[in-house]
Structure formats: structure tokens, C-alpha cells
Amino acid sequence: MSFISYLKDGISLGSIYAIIALGYTMVYGIAKMLNFAHGDVIMVGAFVILAAITKAGLSPLLSIILAVVLCTVLGITIEMVAYRPLRKASSNLAVLITAIGVSYLLQNVALLVFGADAKSFVTVINVPTLVLFDGQLTIKGITIVTIAACIIIMCGLTLFVNKTKPGHAMKAVSEDRDAAQLMGVNVNSTISLTFAIGSGLAAIAGLLLCSAYPTLTPYTGAMPGIKAFVAAVFGGIGSIPGAMIGGILLGVIEIFGKAYISSQVADAIVFAVLIIVLLVKPTGLFGKNVQEKV
Amino acid sequence: MAMLEIKDLEVFYGVIQAIKGISFKVNEGEVVALIGANGAGKTTILQTITGLLSPKKGNIIFEGQELTKIPAHKIVSLGMAHVPEGRRVFAQFTVYQNLLMGAYTRKDKNEIEASLAAVYKRFPRLEERKNQIAGTLSGGEQQMLAMGRALMSKPRIILMDEPSMGLSPILVNEIFDIIQSVSASGTTVLLVEQNAKKALSIADRAYVLETGKIVQEGKAEALLNDDSIKKAYLGE
Ligand SMILES: Nc1ncnc2c1ncn2[C@@H]1O[C@H](COP(=O)(O)OP(=O)(O)O)[C@@H](O)[C@H]1O
Ligand SMILES: [Mg+2]
């Protein structure tokens, strides 16, 4: 039963990575940039929920909605203020460095506002533990909620991208920005929408992450952010199903690595797997094999 | 008054000047050809007209409206469609989805079906392949799709950038027949071509472009019989 138990923990952790990875992969696919500040938006979301509940006394549901709204606004603002002015810049490096700068900015502002000491996160999600096989397998409520949230987000996003007009605009911009503009697609607002969705999802990821691992510091988002980035690359950056599969595989590998090999080197194993995948298939598991047009 | 008028246009790539003060016009109902060798600046001009590039100087006036200050995504709904060089169809979309993207800004939802039927009538091959992924079409089919996609916006003027590029002679004829029929149905055409002979054979008027400047202009017929044009562009 321990195998199943580890598997379930892995899928649960992986679901969180998947939700974060969706933000990375959509922004990369549509804006063609790596938003390294994405992980820190998770931390902001978690702090907003914590503060809304403990300081402002809001209900859990209202706090979650507030966090999603604030992170959405934060994401749009970061894009408009920090990235948009650089969009026509000749070097992608400028945008990358700016993203790293924004990441530090968010961490330092959180440090200033909330302090460096670890806060313990409140219980927001109250779902009873599921006990199966006469108590041989227990599944915590948060695990069920996390996996369910991941599935719902994945299905919702896939439907949105494939069935709605703004979704088609996103796909068109990701394929060919100029051709999309010739069709009348507003690239700036499409990129804003992408940041909005990714950042809103980051707030959800913050909630799930801190509910499963309830300590919160200004650096809480950094490592999951990096791992979700790895997951996005692993699945094929730019691909929505790739982010999902990449995230879950990464979570499972990490938990199995911790359980069966060594908890010290689990992270190293995660990165080693990434390197192997990229050596075998440089575009990632679901990456498009880019055909050079003549 | 001309439908489209370009005045003293200058376009730069960084410090390199690609368009060095160009003026020309397109009247309603005309087919106007812009011919010139590779690198003359034809694509740069079209991309500047539809806002993908910004000019350093000059005016672009379409039906009395200055376009240089209007962002690229607002141009198509003014009645101007651009079939870009190299087709630029959305490779991951189906033929049908590509055509719908052409109607992206249209508000007359009920009439989009009629436009779709008209495009399928003009390009029966697109209807046969409507559920095929555009990236798997042949070059000629992609060109038809790019033209069909542009027509889906119900343009009053259509700009075409080297529609015959890389196609077999039979397909080139087919594409030029279609351009003529698009023109006959009342759409004004600004045609950019390296295939000068073909372009001049269907155009009313033409401008000859050399390294960012217009060096000759006139009735297409006259240019077809001009000795210097014959030598430089028609291989005679
Ligand atoms: N993106 C670019 N960056 C720098 N120079 C460019 C770019 N695109 C075109 N050029 C230059 O501008 C000139 C005109 O190019 P273009 O408009 O593509 O010509 P044409 O379409 O007539 O072949 C050429 O000298 C070309 O090298
Ligand atoms: Mg060209």
C-alpha cells in the first residue's frame, strides 16, 4: 500500500506543479517569454489569503476570491509595466533579466510587509479524509481537492482555448503574432489575458500548496516556481497538456525519489530526469516539432 | 480621390533605410502591381501599410483616413486585408478555423456563413479539405487558404504579397485567375510580385521598385512593352 500512498502524494504535489506550469507554458506560448516572477505570484496569493482570513476576518471563500482577483491584477500590471515596454526590444535577455528583477521585487516587498519569519498557514479547505481498504489507504481532503482542482482547471482551460474566440486569438498569437494582428487580433490584450489567467491560477496554486505544506515565507513560491518551470519544459513548453503531464510526472518522480532513493537528492533526481528527457526529445514530451518554413 | 494613397513614405530597419521616400496611389476597382527584384522593399511597403511596421516619415491615406497612427489590429476592420508573403496560415488550425480567423473582427455573425460559402465556391479544394490541419496543405493550397482567409473579412481592398512564390506554373496561372476574379467581383487589388510578366498581364497600372525607390510607373500594358522593363524584369 505504501506505493499507492506515495503515488497519490506524488500526483497531488504534481497537480500543484501542473497548475503553476500552466501559467509558465501559456505565457511562454503566447508572449514568447519566460516569466520567472510567476512563482512569486503564488506566494503573494497565499499571503493575501492568510492576511484576509487572520487580519481582515474574511470568510475562506471570500479570501480565495480576493486572492485570485488581486493576483490577476498583479499579473496584468507586471506585464504592462515591466514586460510590455520591452516587447519590441531586440534582446530576449532584457525581458528575462527584468523577470528575474520582478521576482526579487515581489519577494522583497513581501519581506517588508510580512517579515522574514515563517508564518503557519491557516486551514482553508475543510474536506474530510477518505479512508479506504480498512484504513490501509487514507487520502487527505486537501489531496482530493488538489487533484480535482487540477482536473477542472485543465479541462476548463482546454475548452476555453479551443472553443472560445479569445481562446482562438491566444492560439493564433502563439502561432504567428503578425498574422494574428492582420486578422484583427489585439496582441497586447491577448497577452494581458494570458497573464491574467496564469496569475489567477497562481493564486489557486498558492492556496493548494500552503494547504498541503502549511508554512509561508516570502520565498515559498520560488522553488515550486522553478520546479513548475521544469515541468513545463519537461512536457514541452507552450503545450497545455504538456504542462499537465509534466507537472504530475515531476511530482511523482520527486515523491518516489524521496521515498525510495533519498530525500536529500530528490530535487537533483528531478533535474536529472529533465536533462535526460531533453537529450532524448529536445522539445519536451508534448513539444511541437517546429518545422522550419521555407 | 484615390482609395489608397501613399505619400513620401520612409521606412527604416534600425539605421538601414529600406524605403526611401515613396509615393503611389491605388484607385477604387483597380489592380495595381508593385514589381521589383528581391530586396527592393515590396514587403516592407505592404507591412507598413497594414501597420506591422511603423514608418519614419510619410502618410498612408485609405479612404480619407490616415493609417500611420492606427494599430495593426484595427486595419482589417477598416476594409483592408493583407495576404502576407509566405502565406502565414495558422499551421495548427484546420482550414475551417483559419477561415474563421479571417472573419475575427466581423460583427455580422449571420453573414459569415454566406462568406464562407462564397470562399468555398471560389476554392472548392478548401471545402474538400476544411477539416485538414493547414500545416499539412501543399503550397498552392496554403496560398488559396491565405487568400480565402483574407476574403473572409469582406475587404474593399486586398494587398497580396507574392502570391505566386514557389508555385508550379499551372498553380501560378490558377492563382492569377483567382486574383482576376476577385478583382472582377469588385475588390480593389494591390499586388506585389517578382513575377513581373504575370503581374503586368493582369494589372491596370504598375510601379517599379528598385532599392526602396520607385523608378518607373505607368499603365501595365505600356510597361510590358517597355524595353528597359523587358530587359530587367521580363527576361526578354
Ligand atoms: N527584419 C528586417 N531587418 C533588417 N532589414 C530588413 C528586414 N526585412 C527586410 N529588410 C531589408 O529591407 C530591404 C527590403 O526588404 P523587403 O521589403 O523584404 O524586400 P522585397 O519584399 O522586395 O523582397 C532589403 O534590403 C532587406 O534586406
Ligand atoms: Mg518580399
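The residue numbering used here restarts from 1 in each chain and proceeds along that chain's sequence as written. Chain letters and ligand numbers both follow the written order, the letters beginning at A and the numbers at 1. At least 70 in pLDDT is required for a residue's local features to be given in this predicted model, at least 80 for side-chain atom pairs to be given and counted, and no such filter applies to totals for whole chains, interfaces and linings, which use all residues. Hydrogens and waters are ignored; side-chain quantities use all the structure's heavy atoms.

Focus on the overall build of chain B
- On a plain count of helices and strands, chain B comes out with 9 helices and 10 strands.
- Values of the radius of gyration come from C-alpha atoms, whereas the globule rule sets the reference at 2.2 Å times the count of residues to the power 0.38. Relative to a compact globule of 236 residues, whose C-alpha radius of gyration would be 18 Å, chain B shows 17 Å and is just as compact.
- The contacts of chain B with a sequence gap of at least 6 include a subset with a gap of at least 24, amounting to 67%.
- Using a 1.4 Å probe, the Shrake-Rupley method yields the accessible areas, and only the shown protein chains count as cover for residues. About 10300 Å² of surface is accessible on chain B, with carbon and sulfur atoms providing 49% of the total.
- For this count, His and the chain ends are skipped, Lys and Arg are scored as positive, and Asp and Glu as negative. Taken as the charge location is NZ of Lys, CZ of Arg, CG of Asp or CD of Glu. One way to put it: in chain B the 28 positive side-chain charges average out to a point 4 Å from where the 26 negative ones average out. Helical segments are the DSSP runs of H or I of at least four residues, strand segments are the runs of E of at least two, and each set is numbered from the N terminus. When checking whether two residues touch, look at their non-hydrogen atoms; a contact exists if any pair is within 4.5 Å.

Considerations on the sheet that holds strand E2 (residues 16–26) of chain B
Residues and elements named next belong to chain B.
- Criterion used throughout: strands pair if DSSP finds at least two bridges between them. Here 4 strands make up an open sheet; going across it, the order is E2-E1-E4-E5 and the pairing antiparallel. Edge positions in the open sheet fall to E2 and strand E5 (65–66), since each of these has one partner strand only.
- In this structure, strand E1 (residues 4–13) lies alongside E2, joined through 8 bridges in antiparallel fashion. Bridge pairing in E2 places Val11 opposite Ile19.
- As a rule, the C-alpha atoms of each element are fitted with a line to give its axis, helices using only the stretch in contact, and angles between N-to-C directions run from 0 to 180 degrees. Packing of helix H1 (residues 42–49) onto the sheet brings it into contact with E1, E2 and strand E4 (57–62), and relative to E1 it is tilted by some 115°.

Concerning the confidence of the model for chain A
All names here are of chain A.
- Averaged over every residue, the pLDDT of chain A is 90; the share at 70 or more is 97%.
- Ranking the elements of chain A by mean pLDDT puts strand E2 (residues 130–132) last with 80 and helix H7 (residues 177–182) first with 97.
- Low confidence marks residues 290–294, where pLDDT is under 50. Its contacts with residues over four positions away, or in another chain, come to 0 contacts. Summary of the metric used: pLDDT quantifies the predictor's per-residue confidence within the range 0 to 100.

Looking at the confidence of the model for chain B
- Confidence in the prediction for chain B averages 95 pLDDT; 100% of positions are at 70 or higher.
- Predicted complex metrics record ipTM = 0.95 and pTM = 0.91.

A word on the coordination of the magnesium ion (ligand 2)
- Donor atoms are limited to N, O and S found within 2.8 Å of the metal ion, a distance that becomes 3.2 Å for Na, K and Ca. With water left out, some sites might look partial. Coordination of the magnesium ion (ligand 2) by the protein comes from B:Thr43 (OG1) and B:Glu85 (OE), over a distance range of 2.0 to 2.1 Å. Of this pair, B:Thr43 sits in helix H1 while B:Glu85 sits in the loop between strand E6 (80–83) and helix H2 (95–102), and the two are 42 residues apart along the sequence.

Description of the pattern of salt bridges
- For this document, the term salt bridge refers to a Lys or Arg side-chain nitrogen within 4 Å of an Asp or Glu carboxyl oxygen. Counted by the stated rule, this structure contains 18 salt bridges over all chains.
- A:Glu254 is the partner of A:Lys258 in a salt bridge, and the nearest nitrogen-oxygen pair spans 3.2 Å. Separated by 4 residues within a single helix, A:Lys258 and A:Glu254 lie in helix H10 (residues 240–261), roughly one turn from each other.
- With relative accessibility at 3%, the residue A:Glu254 sits in the buried group.
- One salt bridge connects B:Glu30 with B:Arg205, and the closest N-O pair in it is separated by 2.6 Å. Separated by 175 residues along the polypeptide, B:Glu30 in the loop between E2 and strand E3 (31–36) and B:Arg205 in strand E9 (residues 205–210) bring together distant segments of the chain.
- The class for B:Arg205 is buried, based on a relative accessible area of 16%.
- Salt bridges sharing common partners tie together A:Lys227, A:Glu254, A:Lys258 and A:Asp267. Partly exposed residues are those whose accessible area sits between 20% and 50% of the maximum for their type, while under 20% is buried and over 50% is exposed, using a 1.4 Å probe and protein chains only.

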